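# Structural characterization, general
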Amino acid sequence: MTAVTLDAVPAAPSERPRVLLYGAAFAAGASTLAVLALVATYLRHRADVLGAGELLFPEGTVLPLTPGTMNLVTLGMSLVTASWIVWALRNQDRVHAYLALGLTGLLGVASIVETFYLYQQTSMPVRSGVGVLFYAVTGGHMAMSVLGLLFLAVMGLQAFGGQLTGRDAEGMSAAILYWYATVGVYVVVWYAVYITK
Amino acid sequence: MTVTESAPADAASSAPAPSPARPTGLAGIFGSDDHKVAGRVWIVVALVGALAAGIAELIVSIERVDTSGIDVLDADWIARVFTFGEVGGVLLFLLPLTIGIATYVVPLQIGAPGIAFPRLSTAAVWAHVVGAGVLVGGYLTDGGPYGPDLDGVELYLVGLGVVVVAQVLAWICIGTTVVTLRAPGVRLTRVPLFSWSALVASAVWLLTLPVVGTLVLVAFLSVRFDQDLLAGGPYGAVSWLFAQPAVYALAIPVLGLLGEVVPVFAGTRPRQHRVALGLVGAFGALSLGAWALPGLTVEADPFAYEVPWVAVSFAVILPVLGLLGLSADTLRRGKPRLSSPLLFAVAAVLALLLAVVAGAVQAVEPIETLVDGEGTALFGTTWTTGILHLVGAAALLALLGAATYWAPKIIGRTLAEGAARLVALVLLAGALVLAVPELVAGLLGQPAGLGEVPDNVDTVEALAAVSVAGVALLLVGLVVWILLVVKALVGRDLPGDDPWGGHTLEWATSSPPPPGNFASLPVVTSEAPLYDARHREEVDA
């Protein structure tokens, strides 16, 4: 290997700016804060009501635990499939990437369906203090899930439309980062709303 | 294949295809992905918001002169004007102006060809315009936070929500730009102080505005479903932004501008750039306010979070003093020129220093109002309003100073130097004449809202009359500054690319910069690359 040969080697590509990844991190932080602020409002209302010696839920209200817990399990499984997408993209494995993306999307949609199922099961009246906040918290998280799914879908289309390397994989990583935040926030929602009641 | 393998017929056909023409006229404004266009729109919209909020503040200050009743407007309207003065002043003026200047200047300072997510940035500014219009529409249709018409209240809350979302999107673009689009050599520790302050501000506001947005949603649901879920009603969603510590976040650009212009007008390198970065970061961290929200909004126990609140109120003085010390040292080592941007920056930091000291005094519970036998805490009196006005005036001074400093880049002209200096002094005088009487009136027990005082009525009313002059001075200063911009735009004096002898990359391109910002960039080995280029021998030594 001579110096001449080394001179002929093209310069290394400049470092990727990773704009999408950092932008997604900022967006995930903002969305997380928004939903957590809703949870905080719910908990404060709960503390005020219980502190006044009143019932938190209107009499006869049922809030089943099972749909919420199933939702947690569903979103937990989606964490695995989301990580699978990144692994498949980095290994240029198109089949695995398609499969993992499809499963993540399916689990995400299932989470939304489970939330609607919960709305059918519960008898929480919307015209009550806790009812308004219950639907705001769960609806707020559902909105975050929809955003995360849309982000995944758009990045998936972009990744599969081009090469499954470089910036495309970064876009998918950004979408998955947002999805991780969505799942993490749900853990807090699950504990605050369904467990503490 | 034959076609592609043939030699080109002539030289012209082998030339690169010309880039598509940029849209002009309205299409160039509404559909541009240029951060400079978005930045200018933010600035113009903010100045409109400034005039509206300024007039509202003037009406409220006149109303305060007679504490016995409502004189200027009826009770419904004065409550709306009172809240609009604060909501408009922060969310329709100071924050949009900060975003506008940051959107314009930050990519230039870090050597980037544009802003991150340019279409999102453009969408944010137009969403803000729509949201601001809806918010004002809410006020005009008997709404606002205390309006009698619930539809108007909901309209106000929808507009407020859109404004908050738009500003969150804008801060995402600015923060991502600083983190990811820096030119080669511009390490994070070499980022110019103003851009660093924009990054700190983006982090702080991205942790603050989503909470505001959520509270606005809760307020909306409370109104829609007739529930009492938010302390302070719809106004409680935003009122905590106007008290310490959250209010200090408005002043983050003050420190950024001070660190930016002092070395330039001292003609020397900045002192301890990394320490300055740390001080601005510390100030930003201490101005995070959402944690203190419960303590500020529960009327029964405003000091529920007393220990951290007191600690933060005192600690926030240190970064301001630290940066003042570094700036003084930089000035001492150089040959200072008293130019208008330097005057704006120094005036701004003096107003901020007074504000944080007043904030610390407010946090000391033994200090009470001087009402005979009925002393109460200063929080909730016009002492709190005075702090808000001092911070707001500091931010106003800094942002107008920044716009004056970067006017060659933003409008391709410099403002008349003597008149700009006068504006800085008038604004500082206005800030002091407005806020100091408010602080004194707060000490005498004048509540922050509009109401009677149990004691010292004559003195409080006299102080309120002085404050009217302060608001008027601030408004006059603002209007004169806008007229200076108009005069500069009409004039034909071109300032050149670097009229101040700047240290940072934005001065290495034309005024105003072309699309793409830079034809070429100098080598960056420090936080002051253009200073290095001018003083190569000193740097080599």
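By convention here, each chain's residues receive numbers from 1 onward along its written sequence. The naming scheme follows written order: chains are lettered A onward, ligands numbered 1 onward. Predicted model: local features are reported for residues with pLDDT of at least 70 only, side-chain atom pairs are reported and counted for 80 or more only, and whole-chain, interface and lining totals are derived from all residues. Calculated side-chain values reflect all of the structure's heavy atoms, with hydrogen atoms and water omitted.

### Overview of the overall build of chain B
Here is the rule we go by: Put simply, DSSP marks the helices as runs of H or I at least four residues long and the strands as runs of E at least two long, and each gets a number from the N terminus on. In this scheme, a residue with accessible area under 20% of its type's maximum is buried, one over 50% is exposed, and one in between is partly exposed, where area comes from a 1.4 Å probe on protein chains only. Contacts between residues were defined by any pair of non-hydrogen atoms, one from each residue, lying within 4.5 Å. Accessible surface is estimated by sampling points in the Shrake-Rupley manner with a 1.4 Å probe; for residues, cover comes only from the protein chains shown.
In terms of regular secondary structure, chain B is built from 21 helices and 0 strands. Residue burial in chain B is summarised as follows: out of 541 residues, 57% are buried. Within chain B, contacts between residues separated by at least 24 positions form 83% of all contacts whose residues are at least 6 apart in sequence. For chain B, the accessible surface area stands at approximately 20300 Å², while carbon and sulfur atoms represent 66% of it.

### Quick word on unusual backbone geometry
Glycine aside, residues mostly have negative phi angles, and peptide bonds mostly take the trans form. Residues and elements named next belong to chain B. Between glutamine 244 and the following residue, proline 245, the backbone shows a cis peptide bond with an omega angle of 5°. In this fold, proline 245 is placed in the loop between α9 (236–239) and α10 (252–266). One non-glycine residue, phenylalanine 117, lies in the positive phi region at around 50°. Note on placement: phenylalanine 117 falls in the loop between α5 (75–109) and α6 (118–140). Despite not being glycine, glutamine 272 has its phi angle at roughly 50°, a positive value. Checked against the element boundaries, glutamine 272 lands in the loop between α10 and α11 (273–286).

### Digging into the interface of chain B and chain A
The cut-off we apply is this: Here the quantity called buried area is the accessible surface, traced with a 1.4 Å probe, that two parts lose on coming together, added over both. When a carboxyl oxygen of Asp or Glu is within 4 Å of a side-chain nitrogen of Lys or Arg, the pair counts as a salt bridge. As used in this structure description, the phrase polar contact means that two N or O atoms lie within 3.5 Å; if the pair is within protein, one of them must be able to donate a hydrogen and the other to accept it, and residues adjacent in sequence are counted only when both atoms belong to side chains. By the convention adopted, Pro, Cys, Tyr, Trp, Phe, Met, Ile, Leu, Val and Ala count as nonpolar, Lys, Arg, Asp and Glu as charged, and the other residues, Gly among them, as polar.
Tallying the contact residues gives 27 residues for chain B and 23 residues for chain A. The three residues of chain B that bury the most area against chain A are Thr214(B), Phe225(B) and Leu229(B), which together make up 25% of that side's buried surface. Counting across the interface, chain B meets chain A through 0 salt bridges. Our enumeration of links across chain B and chain A arrives at 2 residue pairs in polar contact (both at pLDDT 80 or more). Listed by contribution, the elements that provide at least two residues to the side of chain B that touches chain A are α7 (150–180), α8 (193–224) and α12 (293–297) of chain B. When its residues are assigned to classes, the side of chain B that touches chain A shows 20 nonpolar, 6 polar and 1 charged.

### Considering the environment of Leu51(B)
Residue and element names in this part refer to chain B. Relative to the helices and strands, leucine 51 is located in helix α4 (residues 35–65). Relative accessible area serves as the criterion here: at 31%, leucine 51 is assigned to the partly exposed category. Once the C-alpha coordinates of leucine 51 and phenylalanine 93 are considered, the two residues, 42 residues apart in sequence, prove to be 8.6 Å apart. Discounting residues that sit within four places of it in the chain, leucine 51 has contacts with Leu478, Val479 and Ile482.

### Examining the layout of surface pockets
Condition: The rule is simple: put a 1 Å grid over the protein atoms alone, call a set of points where a 1.4 Å probe fits but cannot get out a cavity, call an open set with protein on both sides within 12 Å along at least five of seven lines a pocket, and count a residue as lining if it has an atom within 4 Å of a point. Grid points are joined across faces, edges and corners, and a volume is the space filled by probe spheres set on the points.
What the largest pocket holds in volume is close to 1100 Å³. The set of elements that each furnish at least two residues to the lining of the largest pocket consists of α2 (19–51) and α5 (129–161) of chain A together with α7 and α8 of chain B. Grouping the amino acids of the lining of the largest pocket by side-chain chemistry returns 29 nonpolar, 7 polar and no charged.

### A short note on the nonpolar core
Residue and element names in this part refer to chain B. Test applied: Remark: nonpolar core denotes a set of buried residues (Ala, Val, Leu, Ile, Met, Phe, Trp, Tyr, Cys) joined through side-chain atoms within 4.5 Å.
Residues Val87, Ile101 and Trp406 are the most contacted members of the largest nonpolar core, which totals 217 residues. The element that contributes the greatest number of residues to this core is α8, accounting for 19 residues. Residues within four places of isoleucine 101 in sequence aside, it is in contact with Ile43, Val106, Phe194, Leu399, Ala402, Ala403 and Trp406. Ranked by size, the runner-up nonpolar core spans 5 residues in total, among them Ala243, Ala292, Trp309 and Phe379.

### A closer look at the pattern of salt bridges
Residue and element names in this part refer to chain B. Following the criterion strictly, the structure yields 10 salt bridges over all chains and no others. Across the salt bridge formed by arginine 271 and aspartate 329, the nearest N and O atoms sit 2.9 Å from each other. One end of the pair, arginine 271, is in the loop between α10 and α11; the other, aspartate 329, is in helix α14 (residues 317–333), and 58 residues separate them in sequence. For the salt bridge of arginine 534 with aspartate 498, the shortest nitrogen-to-oxygen distance reads 2.7 Å. With a gap of 36 residues between them, arginine 534 in helix α20 (residues 529–534) and aspartate 498 in the loop between α19 (457–490) and α20 connect regions that are remote in the sequence.

### Brief notes about the confidence of the model for chain B
All names here are of chain B. Where we set the bar: Confidence of the predictor at the level of single residues is given by pLDDT, which spans 0 to 100.
The predicted model of chain B averages 87 in pLDDT, with 90% of residues at 70 or higher. The model gives residues 1–18 a pLDDT under 50, and that stretch makes 2 contacts with residues more than four places away or in other chains. For this predicted complex, the interface confidence score (ipTM) comes to 0.88, while the overall pTM stands at 0.90.

### Some remarks on empty space enclosed by the protein
All names here are of chain B. Applying the stated rule across the entire model yields 8 cavities of 30 Å³ or more. In this structure, the largest cavity is lined by 21 residues; those nearest its centre are Glu57, Gly89, Phe93, His389 and Leu474. Of all the secondary-structure elements, those providing two or more residues to the lining of the largest cavity are α4, α5, α16 (382–405) and α19. The biggest single contributor to the lining of the largest cavity is α5, with 6 residues. Lining the second largest cavity are 18 residues, with Gly259, Glu260, Pro263, Pro270 and His273 sitting closest to its centre. Those elements giving two or more residues to the lining of the second largest cavity turn out to be α10, α11 and α14. Considered class by class, the residues forming the lining of the second largest cavity number 9 nonpolar, 6 polar and 3 charged.

### Some remarks on α16(B)
Condition: What a helix is expected to span follows from its residue count: subtract one and scale by 1.5 Å.
Across its 24 residues, α16(B) extends 34 Å between first and last C-alpha, which sits within 8% of the 34 Å expected from 1.5 Å per residue. Most of α16(B) sits out of view: 24 of its 24 residues are buried.

### Remarks on the packing of α11(B) against α14(B)
Residue and element names in this part refer to chain B. Definition in use: Only the stretch in contact is used when a helix axis is fitted, and all axes are lines through C-alpha atoms; the angle between N-to-C directions ranges over 0 to 180 degrees. Each angle is binned into one of four classes, with values under 35 degrees roughly parallel, values over 145 roughly antiparallel, values of 65 to 115 roughly perpendicular, and all other values oblique. The hand of a helix crossing depends on one turn: near helix anticlockwise from the far one by less than a right angle means left-handed, and clockwise means right-handed.
Packing of α11 against α14 leaves a shortest axis separation of 9 Å and a crossing angle of 155°. What the angle tells us is that α11 and α14 run roughly antiparallel. The interaxial crossing formed by α11 with α14 has left-handed handedness. Judged by residue contacts, Val275, Ala276, Leu279, Val280, Ala282, Phe283 and Leu286 of α11 engage Pro319, Val320, Gly322, Leu323 and Leu326 from α14. Each residue belonging to the contact of α11 with α14 can be placed in one class, and the counts come to 11 nonpolar, 1 polar and no charged.

### Regarding the environment of Val130(A)
Residues and elements named next belong to chain A. Inspection of the secondary structure assignment puts valine 130 in helix α5. Valine 130 sits in the buried class, given a relative accessible area of 2%. If near-sequence neighbours (up to four positions away) are discounted, valine 130 is found in contact with Tyr42, His45, Leu56, Phe57, Pro58 and Met124.

### Remarks on the confidence of the model for chain A
Overall, the predicted model of chain A reaches an average pLDDT of 86, with 88% of residues at or above 70. The model gives residues 1–14 of chain A a pLDDT under 50, and that stretch makes 1 contact with residues more than four places away or in other chains.

### Quick notes on the side chain of Thr103(B)
Residues and elements named next belong to chain B. Topologically, threonine 103 is positioned in helix α5. Threonine 103 gets classed as buried once you look at its relative accessible area, which sits at 1%. Within the structure, threonine 103 has its side chain in polar contact with the backbone oxygen of isoleucine 99 (distance 2.7 Å).

### A short note on the packing of aromatic side chains
Residue and element names in this part refer to chain B. Short version of the rule: In this analysis, rings of Phe, Tyr and Trp, with Trp reduced to its six-membered ring, are considered paired at centre separations within 6.5 Å, and the interplanar angle assigns stacked below 30 degrees, edge-to-face beyond 60, and tilted for intermediate values. In our convention, an over-ring charge means Lys NZ or Arg CZ found within 6 Å of a ring centre and within 35 degrees of that ring's normal.
The full count for this structure, using the stated rule, is 17 aromatic pairs over all chains. Ring geometry for tyrosine 146 against tyrosine 235: centres 5.8 Å apart, planes inclined by 55°, an arrangement best described as tilted. Placement of tyrosine 146 in the loop between α6 and α7 and of tyrosine 235 in the loop between α8 and α9 is noted, with a sequence separation of 89 residues between them. Accessibility expressed as a relative area gives 42% for tyrosine 146, which makes it partly exposed. Take tyrosine 235: its relative accessible area is 7%, and that puts it in the buried class. Summarising the aromatic geometry, the rings of tryptophan 309 and phenylalanine 379 are spaced 5.6 Å apart at their centres and angled 80° between planes, so their arrangement reads as edge-to-face. Of this pair, tryptophan 309 sits in helix α13 (residues 306–315) while phenylalanine 379 sits in the loop between α15 (340–363) and α16; the two residues are 70 residues apart in sequence, bridging distant segments of the chain. Looking at tryptophan 309, the relative accessible area reads 5%, which means it is buried. Aromatic rings pair up to connect Phe194, Phe265, Tyr405, Trp406, Trp500 and Trp507 into one cluster. Stacked on the ring of tryptophan 77, the Lys or Arg arginine 80 has its end atom at 4.2 Å from the ring centre.

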